[in-house]
Amino acid sequence: MMKKNPLRKFVDSIAGHPDWLRRMYLTRMFRMKVKFAGTAGLDILDTDGQSVTFAITNRRKVQNHIGGVHAAAMSLLAESATGFIVGINLPGDKLPLMKRMNINYVKRAEGDLTAKAWLTDEQVQQMENQDKGEITVAVTVTDEAGNQPVECEMLWAWIPKKK
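In what follows, the accompanying structure is described. Note that this is a predicted model, so its numbers are computed, not measured.

So, the sheet that holds strand β2 (residues 51–56)
Ordered by their spatial adjacency, 6 strands build an open sheet running β1-β2-β4-β5-β6-β3, and the pairing between neighbours is antiparallel. Each edge of the open sheet is held by one strand with a lone partner, namely β1 (43–47) and β3 (94–105). Here the average twist between neighbouring strands, direction ignored, is 25 degrees. In the sheet, β1 pairs with β2 via 4 bridges, with the strands oriented antiparallel. Residue Thr47 lies in a different strand from β2, and its bridge partner there is Val52. Here helix α5 (residues 121–129) sits on the sheet in contact with β3, β4 (113–118), β5 (133–143) and β6 (150–160), set at roughly 140 degrees to β5.

Below, the structure written as structure tokens:
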């Protein structure tokens, strides 16, 4: 049995709350830990423990020169979603680290964006059983029109925490 980390304990503890309250708690907790996520206004919409959906509203503070969500905000959205799902699935004695991020901007984004990141059962087992390792976390970013304006590949690694 893996040693649960504080983030996973928190996610599990609010699982029975109404959706709106769970979203509010998750978002506030994440924004407190990741300050830039709060600045950009990222929201956590849902998680089942093995996948998560994040959102960003296309508002002036995060817009580029053509009125869409800025490229940096898109990458923050994808990185945050993948980091969150890795973070809640790593045992408490391991430290997650972003190793590589590849983002291809393929279309102009229209309106608000969502990012859904998920892990396979095999990836979760790998994180639980290996002291060190790395995985590519799947993430899909979509806009209001249902298009995928970016293609992302996020490589996350983990190492044992120093005592």
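Once the structure has been displayed, the description carries forward.
Overview of the nonpolar core
Counting residues in each nonpolar core, the largest one holds 42 residues, and the members touching the most others are Phe54, Ile56 and Phe84. Top element by residues in this core is helix α4 (residues 71–89). It accounts for 10 residues. Every residue in contact with Phe54, bar those within four places of it in the chain, is listed here: Phe30, Leu42, Asp43, Ile44, Leu77, Ser80, Ala81, Phe84, Leu113, Thr114 and Ala115.

Reading the values: the criteria
- Residues numbered from 1 in each chain as written.
- Predicted model: local features only at pLDDT ≥ 70, side-chain atom pairs only at ≥ 80, totals over all residues.
- Heavy atoms only, no water.
- Pairing = 2+ DSSP bridges.
- Helix = DSSP H or I, 4+ residues; strand = E, 2+ residues; numbered from the N terminus.
- Axes fitted to C-alpha atoms, helices over the stretch in contact; angles between N-to-C directions.
- Contact = heavy atoms within 4.5 Å.
- Core = buried A, V, L, I, M, F, W, Y, C linked by side-chain atoms within 4.5 Å.
- Buried < 20%, exposed > 50% of the residue type's maximum accessible area, 1.4 Å probe, protein only.

Fair warning: the whole summary comes from geometry, so function is off the table for now.
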